[in-house]
Amino acid sequence: MIFLGRFLTNRVIRPAVEKCLYGRAIRPLEAILRERETWEPAYLRQWQVSQLRPFLQHCYDNVPFYRRRFDEVGFRPSKFEDLSQLAAIPPLTKADIRAHADDLFARGFGPRGLRVGRTGGSTGEPTLFYQSNEETAWARATVRRFWGMAGIVQGDRRVCLGGRNYTPTWRTRVYPNYFKMVENYYTFPSAFLSTAILDDYIRQIQRLRPRALGGYPSSVSLLAARLIETAQRIPSVEVVWGSSEVMTDLHRARIRQGFGVEPFDAYGGGDTPVATECQVHQGLHLFQSSRLIEVADEQGNTVGPGGSGRVLVTTFYNWAWPYVRYDMGDVVERGTFGDCPCGCRLERIAQVQGRTGDYLVTPDGRFATPPNLTLVFVSIADKVRAFQAVQHDRSEMEMRVVVTPEWSKETEAYVIRSLRSFLGDEIRIHVRLVDDVEITPVGKRRVMVSTVPDGLFVPTSTPAPK
Ligand SMILES: [Zn+2]
């Protein structure tokens, strides 16, 4: 498939498609976000308050869930003047969303006409949410800022090691071709990888000569480990990024050595970009420019520099199905940072905690990474509260599932069928219904827990990037 060319796609095709999908072009929003990144932090906070006041008033007036919640704790949007007042509002949890999904629509809105987003898969608690076109447009613009901060220009050839969709729609069938032709963006499925598949991908990617390569850190780091083992390079790659999963020290070390560059970590799903690493590679800038992101302790109060807390996100633009202090389920470290030399004034977090680089290995040498397991469960979010794969022996794995009353024999068959599609037939799969899954010391569920070594290259030192 041929990339249609930078000028044609940037100036004609992409804006037209965006108008169609979101009702507006994204490029102007991106410019607005770039400008907000230069604002004084105090001014930015004041601006956030001015965005939130009418938004919270709307939540109180038009969204049954928030009317009840604000009344319960005595929160009055009309008296809202300082971000610290938000501590009174309990975070919106994934359990809240599951229990009150219908009450979260604003008056006059329903699922029709809204985009369905899926989140929480990374914590093993799949959850559905809804996005207006307005919110989606700003989220897309925020993702563009991630590309910008990583030094990628629209039209640069990118290769992504991505997941596969277990419930394909016309969109998921059309998008890969659209992305190739218009975005110069090629996806290589990473539902399962083996040394043979990795070798094949390396050959294909060497021919494609992308400027940037990324995807799930667990998949990208496997590719990097294979590059190191076979003493190969992909010299065209100048930028490596990771998203949708925590980038661990092992991922980073393998990528650094395999590609000779420092990777860019992006935190948050494609639907809710939260933070990104810049060229300085010291912490991740929080996208306070298009939403409010709080790092809060168990009491809901904002954590100061150096502390750790849960990530709570409040959108400004999703008036149809608002989320106020949505608990991402992640714990992050605030770190202590001064101004960033990159010029962006958005505050930074040190790192996202709580997940390890575990993945499953099968008797026939496949590696299955956590995001791919997640994709099996996001489409049955109404039937599953939590899930976790556990492996102590290469020949078998246990799929632990906390189910809802909607779970049935058919759901179980779907899960086994989907798992088989990437784990193959040589591994024994046990589905076990449990009351809860193990939670890590930082209060995070792990999608995969494995004690089986992968047998791939493990760096003992971390050489400096070129
Ligand atoms: Zn920076």
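Caption draft 1: Expanded view of the overall build of the protein. Scanning the protein from N- to C-terminus turns up 12 helices and 20 strands. Across its three principal directions, the C-alpha atoms of the protein cover 65 × 50 × 45 Å. Burial statistics for the protein: of 466 residues in total, 45% are counted as buried. Look at the contacts in the protein between residues 6 or more apart in sequence, and 71% of them connect residues 24 or more apart.

Caption draft 2: Structural view of the packing of helix H8 (residues 195-208) against helix H9 (residues 217-229). It is at 10 Å that the axes of H8 and H9 come closest, and there the two elements cross at 85°. Here H8 is positioned roughly perpendicular relative to H9, judged by the angle of their axes. Note on element contacts: H9 touches H8 through Leu222, Leu223, Arg226 and Leu227, opposite Thr195, Leu198, Asp199, Tyr201 and Ile202. Taken together, the residues that form the contact of H8 with H9 break down as six nonpolar, one polar and two charged.

Caption draft 3: Highlighting the sheet that holds strand E20 (residues 448-450). Spatially, four strands are ordered E19-E18-E17-E20 in an open sheet, and the strand pairing comes out mixed. The sheet terminates laterally at strand E19 (428-433) and E20, the two strands that pair on one side only. Pairwise comparison of adjacent strand axes, ignoring direction, gives a mean angle of 20° for this sheet. Here three bridges tie strand E17 (residues 384-393) to E20, and the two strands are oriented parallel to one another. Bridge assignment links Val390 to a residue of E20, and that residue is Val449. Helix H12 (residues 409-423) rests against strand E18 (396-403) and E19 of the sheet, and its axis sits at about 145° to E19.

Caption draft 4: Quick look at the sheet that holds strand E5 (residues 212-215). Pairing is mixed across the open sheet formed by eight strands, whose spatial order is E4-E3-E5-E6-E7-E8-E9-E13. If you trace the sheet from one side to the other, it starts and ends with strand E4 (185-189) and strand E13 (348-349), each paired once. Each of strand E3 (158-162), E5 and strand E6 (239-242) touches H9; the most contacted strand, E5, lies at about 130° to it.

Caption draft 5: Focus on the pairing of strand E12 (residues 326-333). Within E12, six of the eight residues are buried, which leaves the element mostly enclosed by the surrounding structure. For strand E11 (residues 308-315) and E12, the ladder comprises five bridges, and the chain directions are antiparallel. Paired with Ser308 across the strands is Glu333, a residue of E12.

Caption draft 6: Up close: the environment of Cys278. With respect to the helices and strands, Cys278 occurs in the loop between strand E8 (273-277) and strand E9 (284-286). Residue classification places Cys278 among the buried residues on the basis of 23 C-beta atoms within 10 Å. Sequence spacing of Cys278 and Met149 is 129 residues, and the spatial spacing of their C-alpha atoms is 5.2 Å. Cys278 has contacts with Met149, His285, Cys340, Cys342 and Cys344, leaving out every residue within four places of it along the chain.

Caption draft 7: A look at the confidence of the model for the protein. Per-residue confidence for the protein averages 87 on the pLDDT scale, and 91% of its residues sit at or above 70. Ignoring residues within four places in sequence, the model shows residues 461-466, a span with pLDDT below 50, making 10 contacts including any to other chains.

Caption draft 8: Representation of the packing of H9 against helix H10 (residues 249-259). H10 packs onto H9 with a crossing angle of 45° between their chain directions and a minimal axis gap of 8 Å. Relative to H10, the element H9 lies oblique. The element H9 and its partner H10 pack so that their crossing is left-handed. Seen from H9, the contacting residues are Pro217, Ser218, Val220, Ser221, Ala224, Ala225, Leu227 and Ile228; seen from H10, they are Leu250, His251, Arg254, Ile255, Gln257, Gly258 and Phe259.

Caption draft 9: Molecular detail of the environment of Ala101. Along the polypeptide, Ala101 turns up in the loop between helix H5 (94-100) and strand E1 (115-119). Given 17 C-beta atoms within 10 Å, Ala101 falls into the partly exposed group. Along the chain, Ala101 and Pro210 lie 109 residues apart, while their C-alpha atoms are 42 Å from each other.

Thresholds, definitions, all that
- Residues numbered from 1 in each chain as written.
- Predicted model: local features only at pLDDT ≥ 70, side-chain atom pairs only at ≥ 80, totals over all residues.
- Helix = DSSP H or I, 4+ residues; strand = E, 2+ residues; numbered from the N terminus.
- Buried ≥ 20, exposed ≤ 12 C-beta atoms within 10 Å, placed from the backbone.
- Contact = placed C-beta atoms within 7 Å.
- Axes fitted to C-alpha atoms, helices over the stretch in contact; angles between N-to-C directions.
- Parallel < 35°, antiparallel > 145°, perpendicular 65-115°, else oblique.
- Nonpolar A, V, L, I, M, F, W, Y, C, P; charged D, E, K, R; others polar.
- Pairing = 2+ DSSP bridges.
- pLDDT = per-residue confidence, 0-100.
- Left-handed = near helix turned anticlockwise from the far one by under 90°.

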